[in-house]
Amino acid sequence: RMEKLRPISLGGGEIPVALRPTATKTTDVFFAGDPFPGPTPRLDGAVELRALEAEGFRIDIPEHHLPFDEYIKRLSAAWLAWSPAGYGWDCKRHYEAAMVGTVALANYPTILRDEPFRDGEHCLFYAPEPGELAAAVRKALEDKPRLKRIADAARLHVDRHHSRLARAERV
């Protein structure tokens, strides 16, 4: 019976069509979350993103909680959505980013995942060591047509595997 117990994603394919803007990309990296207090990857990553901002990269880190429609608008305006592990790894932000045409940038997972995103196909992963997030951002932004292809594949993957309907069909 244990074989039947498998992970299932949190999902995230339920963004209303009205909130799926096809915005012009005006931001390089978006992050909505509290890096303080938090696990080390969040603290260290926030420092790296601020250093990238000082170099001229367009980093959007809201200082306060955003209403959902504003969050989606700003998320969709970014090429990358930083989606680090917090108190767990699987996060709705991965799926929300995909639904609005933004590529999730997450530290390598440490869990068994349900219908997982594949690095370079549906998202981008980076190692948690210092400097790796900044290096991943720089490399990713060198090839924006590739980011567009990854975002398109991720949206299709979320629709097929992580929507409420897809999860209900599997259960």
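Note that the structure is predicted; figures quoted are calculated from it, not measured.

**Student:** How do you make sense of helix α2 (residues 68-76) when you look at a structure like this?
**Tutor:** In an α-helix there are 3.6 residues to a turn, and that puts residues three or four apart on one side. Looking at α2, one finds that the buried residues are Y71, I72, L75 and S76. Taken end-on, α2 shows its buried residues confined to a sector of 120°, consistent with a single buried face. In this structure, the buried side of α2 is in contact with β1 (27-30), β3 (78-82) and α3 (92-99).

**Student:** Help me understand the sheet that holds strand β2 (residues 59-60), please; the structure alone is not making it clear to me.
**Tutor:** Adjacent strands of a sheet pair through backbone hydrogen bonds, lying either parallel or antiparallel. Reading across from one edge, β2-β1-β3-β4-β5 is the order of the 5 strands in this open sheet, with parallel pairing throughout. Two strands lie at the open edges of the sheet, namely β2 and β5 (124-126), each paired on one side alone. In this sheet, β3 lies alongside β1 in parallel orientation, the contact comprising 3 bridges. Across the sheet, the residue bridging to V29 is L80, located in β3. Those strands touched by α2 are β1, β2 and β3, and its axis lies near 115° from that of β3.

**Student:** Sorry if this is basic, but what is going on with empty space enclosed by the protein here?
**Tutor:** Empty space among the atoms becomes apparent when a probe as large as a water molecule is rolled across them. Enumeration according to the criterion identifies 1 cavity of 30 Å³ or more in this entry. The set of elements that each furnish at least two residues to the lining of the largest cavity consists of α1 (40-54) and α4 (132-141). Sort the elements by how many residues they give to the lining of the largest cavity and α1 lands first, with 4 residues. Here the residues of the lining of the largest cavity sort into 6 nonpolar, 1 polar and 4 charged.

**Student:** For this particular structure, what's the right way to read the pattern of salt bridges?
**Tutor:** Opposite charge on two side chains permits pairing when their charged atoms draw close. Per the counting criterion, the structure on display carries 6 salt bridges. Among the salt bridges present, the one from E55 reaches R138, with a minimum N-O distance of 2.7 Å. Here the residue E55 occupies a position in the loop between α1 and β2, and R138 occupies one in helix α4, the gap between them amounting to 83 residues. Overall, R138 belongs to the partly exposed group, its relative accessible area being 33%. Here R74 and D60 are joined by a salt bridge, their closest N and O atoms 2.6 Å apart. In this pair, R74 is assigned in helix α2 and D60 in strand β2, connecting sequence segments 14 residues apart. Classification of D60 by relative accessible area gives buried; the value is 12%. Linked by salt bridges that have partners in common, D60, E70 and R74 make up one network.

About the thresholds
- Residues numbered from 1 in each chain as written.
- Predicted model: local features only at pLDDT ≥ 70, side-chain atom pairs only at ≥ 80, totals over all residues.
- Heavy atoms only, no water.
- Buried < 20%, exposed > 50% of the residue type's maximum accessible area, 1.4 Å probe, protein only.
- Helix = DSSP H or I, 4+ residues; strand = E, 2+ residues; numbered from the N terminus.
- Arc of directions from axis to C-beta.
- Contact = heavy atoms within 4.5 Å.
- Pairing = 2+ DSSP bridges.
- Axes fitted to C-alpha atoms, helices over the stretch in contact; angles between N-to-C directions.
- 1 Å grid on protein atoms, 1.4 Å probe; cavity = no way out; pocket = protein on both sides within 12 Å on 5 of 7 lines; lining within 4 Å.
- Points joined across faces, edges and corners; volume = space filled by probe spheres on them.
- Nonpolar A, V, L, I, M, F, W, Y, C, P; charged D, E, K, R; others polar.
- Salt bridge = Lys/Arg side-chain N within 4 Å of Asp/Glu carboxyl O.

Function-wise, these values are silent; they only describe arrangement.
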